[in-house]
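# Coordinate analysis (summary)
Residue-level listing of the chains:
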Amino acid sequence: MKKNELERILTILLVPIGFKKKASSWKMVGEEITKMVFLQKSRYGNFFSVNYGYNLHSLPLDGLKTHVFFGLGAENPIENERIKELLNLENTLPDLERSKGLTEQLAENLVKKMNRICYEGDLLEELKRQENLNLIPLLVKQHFKLAD
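One structure accompanies this document, and this report is about it. (Residues numbered from 1 in each chain as written. Predicted model: local features only at pLDDT ≥ 70, side-chain atom pairs only at ≥ 80, totals over all residues. Heavy atoms only, no water.)

## Concerning the packing of aromatic side chains
Any two aromatic rings considered together are summarised by their centre-to-centre distance and by the angle between their planes. So the rule is basically this: Under the pairing criterion, centres of Phe, Tyr and Trp rings, with the six-membered ring standing for Trp, must be within 6.5 Å; the plane angle then separates stacked pairs below 30 degrees from edge-to-face pairs above 60, leaving the rest tilted. Two conditions define a charge sitting above a ring: the NZ of Lys or the CZ of Arg must be within 6 Å of the ring centre, and it must be within 35 degrees of the ring normal.
Taken as a whole and assessed by the stated rule, the structure comprises three aromatic pairs. The ring of phenylalanine 38 carries the charged tip of lysine 65 above its face, separated from the ring centre by 4.2 Å. Above the plane of the ring of phenylalanine 70 lies lysine 113, whose end atom (NZ or CZ) is 5.1 Å from the centre.

Now the structure itself:
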């Protein structure tokens, strides 16, 4: 499988729910937030990651790419390893199995979350569910009154 096939899978899942594709990223501008998804290739091999984030329209970016940034993963460690395996294009996984598995994982662990978070309040609820907020910029923590 090649990178363009990963992009095709993401496009099939994201465009119908309102995202627009540009290069290896997808973006949806909403009333209060902009949702973004990025396909990123590792510089150490043919490994990919799917990252996603949210920008709040009410805050300046101040040099940030996104205000809130996550990487595709799953809470279940076995499922999380499966995602890594599917995004590792150096292994011998058959393309059909990889395509089917990625579609399922992206639908469950990315699309559902992106559909659920549409407003600042939705994003705040998601942040409250996080174990820690160490990677959330102080500006965002202060905005949501989450700062220590």
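## Some words on the pairing of strand E3 (residues 33-41)
Cut-off, in case you're wondering: Burial classes follow relative accessibility: with a 1.4 Å probe on protein chains only, a residue under 20% of its type's maximum area counts as buried, one over 50% as exposed, and anything between as partly exposed. We count a stretch as a helix when DSSP gives it H or I for four or more residues in a row; a strand needs E for two or more, and each element gets its number in order from the N terminus. Here the rule is simple: two strands pair whenever DSSP picks up at least two bridges between them.
Burial of E3 is extensive: seven of the nine residues sit out of reach of the surface. As judged from the five bridges shared by strand E2 (residues 25-29) and E3, these two strands associate in the antiparallel manner. Paired with valine 29 across the strands is threonine 34, a residue of E3. In sequence, E2 turns back onto E3 through a hairpin of three residues. Hairpin connection of E3 to strand E4 (residues 48-56): six residues between the antiparallel strands.

## Structural notes on the packing of helix H1 (residues 3-14) against helix H3 (residues 95-116)
We count it as follows: Between the N-to-C directions of two axes lies an angle of 0 to 180 degrees, each axis being a line fitted to C-alpha atoms and, for a helix, fitted only over the stretch in contact. Between 65 and 115 degrees an angle is taken as roughly perpendicular, under 35 as roughly parallel, over 145 as roughly antiparallel, and anywhere else as oblique. Definitions for this section: a left-handed crossing has its near helix turned counterclockwise from the far helix by less than a right angle. A right-handed crossing has that turn clockwise. Pairs of residues are marked as contacts when any of their non-hydrogen atoms sit within 4.5 Å.
Following both chains from N to C, one finds H1 and H3 inclined at 45°, their axes separated by 10 Å at the closest point. Classified by the angle their axes make, H1 and H3 are oblique. The handedness of the crossing between H1 and H3 is right-handed. In contact with Glu5, Leu6, Ile9, Leu10, Leu13 and Leu14 of H1, H3 contributes Ser99, Leu102, Thr103, Leu106, Ala107, Leu110 and Val111.

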